[in-house]
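Chain residues, written in single-letter form:
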Amino acid sequence: MALKSFDFKPYNKLTPFEAWIESEGIPIVREFVVPDLRTVELGPWGRLGGKGAWLVLGSANDQSATTPYICEIPPGGRLEPEKHMYEEIIFVLDGMGATEVWIDEGKKRLFEWGPNSLFAPPLNVWHRLVNGSGQKPARFMALTNAPAVFNLYHNVEFVFDNPFSFRDRYAEEPDYFSGKGEQKPGRVWDSNFIADINKLSLHEWKERGPAARNVEIELAHNAIAAHISEGRPCVYRKAHRHGPGAFIFVLEGAGYSLMWPEGGSMKRYDWGAGSLFTPPNRWFHQHFTTSREPVRRLALKGWGQKYPIGGWDLMATGTEEGGDMIEYEDEDPRVRRMYEEELKKVGMTLQMPPAKTRSGSSA
Ligand SMILES: [Fe+2]
């Protein structure tokens, strides 16, 4: 792979990562909520092949950890091979194909994927994605922690042409991408390849509210991770906040999110199947389902449970105890009123016990 030079100029306010993606020459999407990832306009991508776009949602502060991109492989086409010192999780939006993975070309592994497959090429290991159809394009979304790596090292040769092998992560095991996995405590599924995420079982998560169910996903010994959560209509979970780097893709259903910085005004964002958004750094956020079917969300995020990087351990602790979750009794009463009104518009009613305030009265 020929490395394009990277003309990062210090003292110009752009982060090295932003300067690098600008040098890539593909569209950079800067919407707060991308309405549908399947229809985003892409541009020809010289480095990777195919067509792509970087998704820079939110402010520079929200891009300090992770940033996703979309890529489309043309019918009958394949991408350029690449390896890199940032982690990556790939989610297939549409189409089918295969990925080749290798350290040593003699020990190439190949696995096939289709719609809703989720996998991670191991860190700094060669990989190449190939479209399996001669008629239809294949489109995927990938989350990377490239911002963290570029901002630390600002050197393309280090990132893309680094001889180090992380054999603790990938030692060319023949069954690495077979789809095997292990259930771990904390609602975690630990695997390297998931053929269809809709077939994973979800687990109850009572601390977050009624009928909250999710599954956490760890892949390829990465620090970045994923989860799937379900939001039923007529009930809602408690608000919470955390650091930057979680990108939420709506698999099915429709609804809206309320988001606000501490002490700031609440903003509402509507979304549906195919939408992508990211809660800004330390903003509280709370999701509401307005479709009759439950909402299923896939979050690709900069942290997991297997190799925790800190800063996200208070999400299930109430703010009264110094945590990052707002208990129902501490909630702004407008939150529930708005949801009741939205449900009424579509002929549904809230199915939760009356909210109590901390002083004991009903809100
Ligand atoms: Fe969150």
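What you see is a predicted model, and the numbers here were worked out from it, not measured in a lab.

**Here's the deal with the overall build of the chain**
For step 1, the next point in the chain: Check the secondary structure of the chain and you find four helices and 25 strands.
For step 2, the next point in the chain: The C-alpha extent of the chain, read off along each of the three principal axes, is 70 × 45 × 40 Å.
For step 3, the next point in the chain: Counting across all 363 residues of the chain, residues that qualify as buried make up 56%.
For step 4, the next point in the chain: Sequence separation of at least 24 residues holds for 71% of the intrachain contacts in the chain that already meet a minimum separation of 6.
For step 5, the next point in the chain: Looking at the chain, you have 43 positive and 48 negative side-chain charges, and the mean spots of the two groups are 3 Å apart.

**A word on the domain arrangement of the chain**
For step 1, the next point in the chain: The domain architecture assigned to the chain consists of domain 1 (16–160) and domain 2 (205–345).
For step 2, the next point in the chain: Put simply, the middle of domain 1 and the middle of domain 2, counted by C-alpha atoms, are 25 Å apart.
For step 3, the next point in the chain: Linking domain 1 with domain 2 are zero salt bridges.
For step 4, the next point in the chain: Here domain 1 and domain 2 share seven residue pairs in polar contact (both at pLDDT 80 or more) between them.
For step 5, the next point in the chain: Secondary structure elements with two or more residues in the side of domain 1 that touches domain 2: strand 2 (33–34), strand 5 (67–73), strand 6 (88–94), strand 9 (118–119) and strand 11 (138–144).
For step 6, the next point in the chain: With four residues, the top contributor of residues to the side of domain 1 that touches domain 2 is strand 6.
For step 7, the next point in the chain: Here the side of domain 1 that touches domain 2 is composed, by residue class, of 18 nonpolar, seven polar and five charged.

**Things to note about the coordination of the iron ion**
For step 1, the next point in the chain: At the metal site, the iron ion is ligated by His240 (NE2), His242 (NE2) and His285 (NE2), and these contacts range over 2.1 to 2.2 Å.
For step 2, the next point in the chain: His285 gets classed as buried once you look at its relative accessible area, which sits at 2%.

**Regarding the side chain of Thr278**
For step 1, the next point in the chain: Among the structural elements, Thr278 can be located in the loop between strand 22 (276–277) and strand 23 (284–289).
For step 2, the next point in the chain: Since its relative accessible area comes to 3%, Thr278 is described here as buried.
For step 3, the next point in the chain: Among the polar contacts made by the side chain of Thr278, one reaches the main-chain carbonyl oxygen of Ala246 at a distance of 2.7 Å.
For step 4, the next point in the chain: Discounting residues that sit within four places of it in the chain, Thr278 has contacts with Phe32, Leu57, Ala246, Phe247 and Met259.

**A closer look at helix 1 (residues 16–24)**
For step 1, the next point in the chain: Counted residue by residue, helix 1 has eight buried out of nine residues, so it is predominantly covered.
For step 2, the next point in the chain: Elements in contact with the buried residues of helix 1: strand 1 (28–29), strand 4 (51–55), strand 5, helix 2 (146–153) and helix 3 (156–160).
For step 3, the next point in the chain: Two residues or fewer after helix 1 comes Gly25, characterised by a positive phi angle close to 80°.

**Thoughts on the environment of Asn61**
For step 1, the next point in the chain: By the element assignment, Asn61 lies in the loop between strand 4 and strand 5.
For step 2, the next point in the chain: With 21 residues separating them along the chain, Asn61 and Val40 place their C-alpha atoms 24 Å apart.
For step 3, the next point in the chain: Look past the residues within four positions of Asn61 in its chain and what remains in contact with it is Pro244 and Asn281.

**Side note on the sheet that holds strand 8 (residues 109–113)**
For step 1, the next point in the chain: Ordered by their spatial adjacency, three strands build an open sheet running 8-7-10, and the pairing between neighbours is antiparallel. Of all strands in the sheet, those bounded by a partner on one side alone are strand 8 and strand 10 (126–131). With direction set aside, neighbouring strand axes in the sheet form an average angle of 20°.

**Here's the deal with the side chain of Glu218**
For step 1, the next point in the chain: Mapped onto the fold, Glu218 is located in strand 16 (residues 213–219).
For step 2, the next point in the chain: Salt bridges are absent for the buried Glu218, whose nearest opposite-charge side chain, Lys306, sits at 6.3 Å.
For step 3, the next point in the chain: Side-chain polar atoms of Glu218 contact the backbone nitrogen of Lys306, separated by 3.1 Å.
For step 4, the next point in the chain: Leaving out residues up to four positions away in the same chain, Glu218 has contacts with Val188, Trp189, Asp190, Ser191, Ala225, Gly304, Gln305 and Lys306.

**A look at the packing of helix 1 against helix 2**
For step 1, the next point in the chain: Between helix 1 and helix 2, the shortest axis-to-axis distance is 7 Å and the interhelical angle comes to 105°. Between helix 1 and helix 2, the angle is such that the two are roughly perpendicular. Along the contact surface, helix 1 presents Pro16, Phe17 and Trp20, while helix 2 presents Ala146, Pro147, Phe150 and Asn151.

**Section: the pairing of strand 4**
For step 1, the next point in the chain: Across the five residues that make up strand 4, a large majority, four, are buried.
For step 2, the next point in the chain: With two bridges joining them, strand 1 and strand 4 adopt parallel strand pairing. When the bridges of strand 4 are listed, Ile28 appears paired with Trp54.
For step 3, the next point in the chain: Alignment of strand 3 (residues 43–44) against strand 4, held across two bridges, turns out to be antiparallel. Bridging from a neighbouring strand, Pro44 pairs with Lys51 of strand 4.
For step 4, the next point in the chain: Between the end of strand 3 and the start of strand 4, which pair antiparallel, lie six residues, with Gly49 showing a positive phi angle near 85°.

**Regarding the nonpolar core**
For step 1, the next point in the chain: Counting residues in hydrophobic clusters, the biggest one holds 73 residues, and the most contacted among them are Trp20, Leu37, Leu118 and Phe150.
For step 2, the next point in the chain: Residues from two domains meet in this core; each of domain 1 (16–160) and domain 2 (205–345) gives at least three.
For step 3, the next point in the chain: Every residue in contact with Leu37, bar those within four places of it in the chain, is listed here: Leu55, Ile70, Leu93, Arg139, Met141, Phe249, Gly274 and Leu276.

**Here's the deal with the packing of aromatic side chains**
For step 1, the next point in the chain: Enumeration over the complete set of coordinates arrives at 33 aromatic pairs.
For step 2, the next point in the chain: Their ring planes at 20° and their centres at 6.5 Å tell us that Trp113 and Phe119 sit as a pair that is stacked.
For step 3, the next point in the chain: Exposure remark for Trp113: the relative accessible area of 5% places this residue in the buried category.
For step 4, the next point in the chain: Members of the aromatic cluster, joined through ring pairs, are Phe17, Trp20, Trp45, Trp54, Tyr69, Tyr86, Phe140, Phe150 and Phe160.
For step 5, the next point in the chain: Directly above the aromatic system of Trp205 lies the positively charged group of Arg187, at a separation of 3.9 Å from the ring centroid.
For step 6, the next point in the chain: Stacked on the ring of Tyr328, the Lys or Arg Arg336 has its end atom at 5.8 Å from the ring centre.

Cut-off values and rules
Residues numbered from 1 in each chain as written. Predicted model: local features only at pLDDT ≥ 70, side-chain atom pairs only at ≥ 80, totals over all residues. Heavy atoms only, no water. Helix = DSSP H or I, 4+ residues; strand = E, 2+ residues; numbered from the N terminus. Buried < 20%, exposed > 50% of the residue type's maximum accessible area, 1.4 Å probe, protein only. Contact = heavy atoms within 4.5 Å. Lys, Arg positive; Asp, Glu negative; His and termini not counted. Charge placed at Lys NZ, Arg CZ, Asp CG, Glu CD. Domains from an automatic or database assignment. Salt bridge = Lys/Arg side-chain N within 4 Å of Asp/Glu carboxyl O. Polar contact = N/O pair within 3.5 Å; in protein donor to acceptor, adjacent residues only side chain to side chain. Nonpolar A, V, L, I, M, F, W, Y, C, P; charged D, E, K, R; others polar. Donors = N, O, S within 2.8 Å, 3.2 Å for Na, K, Ca; no water. Pairing = 2+ DSSP bridges. Axes fitted to C-alpha atoms, helices over the stretch in contact; angles between N-to-C directions. Parallel < 35°, antiparallel > 145°, perpendicular 65-115°, else oblique. Core = buried A, V, L, I, M, F, W, Y, C linked by side-chain atoms within 4.5 Å. Phe/Tyr/Trp six-rings, centres within 6.5 Å; stacked < 30°, edge-to-face > 60°. Lys NZ or Arg CZ within 6 Å of the ring centre and 35° of its normal.

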